[in-house]
Amino acid sequence: SITTAYRAGMFLIQLGTLVAAGLFFRRLFGDEIAALSGVVLYLTCPYRIYLCYDQGNWGRSVAWMLIPLAAYGLLGMIRKEKKAADFVILAVAMAAVGYADHVFFAILAGCALLSAMPSSSPMC
């Protein structure tokens, strides 16, 4: 039925969000406890819960699933860990976010462009 299909689709979105957030926060913090805390905070974000369950907005739910994946690729490119693979991950995630929601795409594109700019600061 339609309800079962909706629940299965939302389950897959939540599972994808869990995996993408886990990858990103593990790369960001490098510590399992900090990564787990970040995943829990990301998954329980009130606005994300509102979009997924109250509003039932599939586009934004998918965008919220792919934002940590795009951030994972962007962080890898900044740290120069696996440049080619991270570029592909970032490009695919940004393309999918752009298809799902234009506002989130503009924010991600701005973050990617700002992180690509050379910095003269010794802090970076």
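For the structure itself, consult the block above.
Just so it is clear, the structure is predicted and the values come from calculations on it, not from any experiment.

Turning next to the pattern of salt bridges. Pairing of side chains with opposite charge becomes possible as their charged atoms draw close. Enumeration over the complete set of coordinates arrives at 3 salt bridges. Linking Arg-26 and Glu-32 is a salt bridge whose minimum nitrogen-to-oxygen distance equals 3.2 Å. Taking relative accessible area as the criterion, Arg-26 reaches 44% and is therefore assigned partly exposed. Given a relative accessible area of 48%, Glu-32 falls into the partly exposed group. The partner of Asp-86 in a salt bridge is Arg-27, and the shortest N-O contact between them spans 3.1 Å. Pair noted here: Asp-86 is in helix α5 (residues 83-100) and Arg-27 is in helix α1 (residues 2-29), with a separation of 59 residues, a long-range link.

Okay, the packing of helix α3 (residues 46-55) against helix α4 (residues 58-79) next. Running from N to C, α3 and α4 point in directions that differ by 140 degrees, and their axes come no closer than 8 Å. Viewed along their axes, α3 and α4 adopt a mutual orientation that is oblique. Relative to α4, the crossing made by α3 is left-handed. Between α3 and α4, the contacting residues are Tyr-47, Arg-48, Leu-51 and Cys-52 on the first element and Arg-60, Ser-61 and Trp-64 on the second.

The next thing to look at is the packing of α1 against helix α2 (residues 32-43). Where α1 meets α2, the closest approach of the two axes is 8 Å, and the angle between their N-to-C directions is 140 degrees. In terms of axis orientation, α1 runs oblique to α2. With respect to the hand of their crossing, α1 and α2 are arranged in right-handed fashion. Contact residues: Thr-17, Leu-18, Ala-21, Gly-22, Phe-25, Arg-26 and Phe-29 in α1; Glu-32, Ala-34, Ala-35, Gly-38, Val-39, Tyr-42 and Leu-43 in α2.

Cut-offs applied
- Residues numbered from 1 in each chain as written.
- Predicted model: local features only at pLDDT ≥ 70, side-chain atom pairs only at ≥ 80, totals over all residues.
- Heavy atoms only, no water.
- Salt bridge = Lys/Arg side-chain N within 4 Å of Asp/Glu carboxyl O.
- Buried < 20%, exposed > 50% of the residue type's maximum accessible area, 1.4 Å probe, protein only.
- Helix = DSSP H or I, 4+ residues; strand = E, 2+ residues; numbered from the N terminus.
- Axes fitted to C-alpha atoms, helices over the stretch in contact; angles between N-to-C directions.
- Parallel < 35°, antiparallel > 145°, perpendicular 65-115°, else oblique.
- Left-handed = near helix turned anticlockwise from the far one by under 90°.
- Contact = heavy atoms within 4.5 Å.

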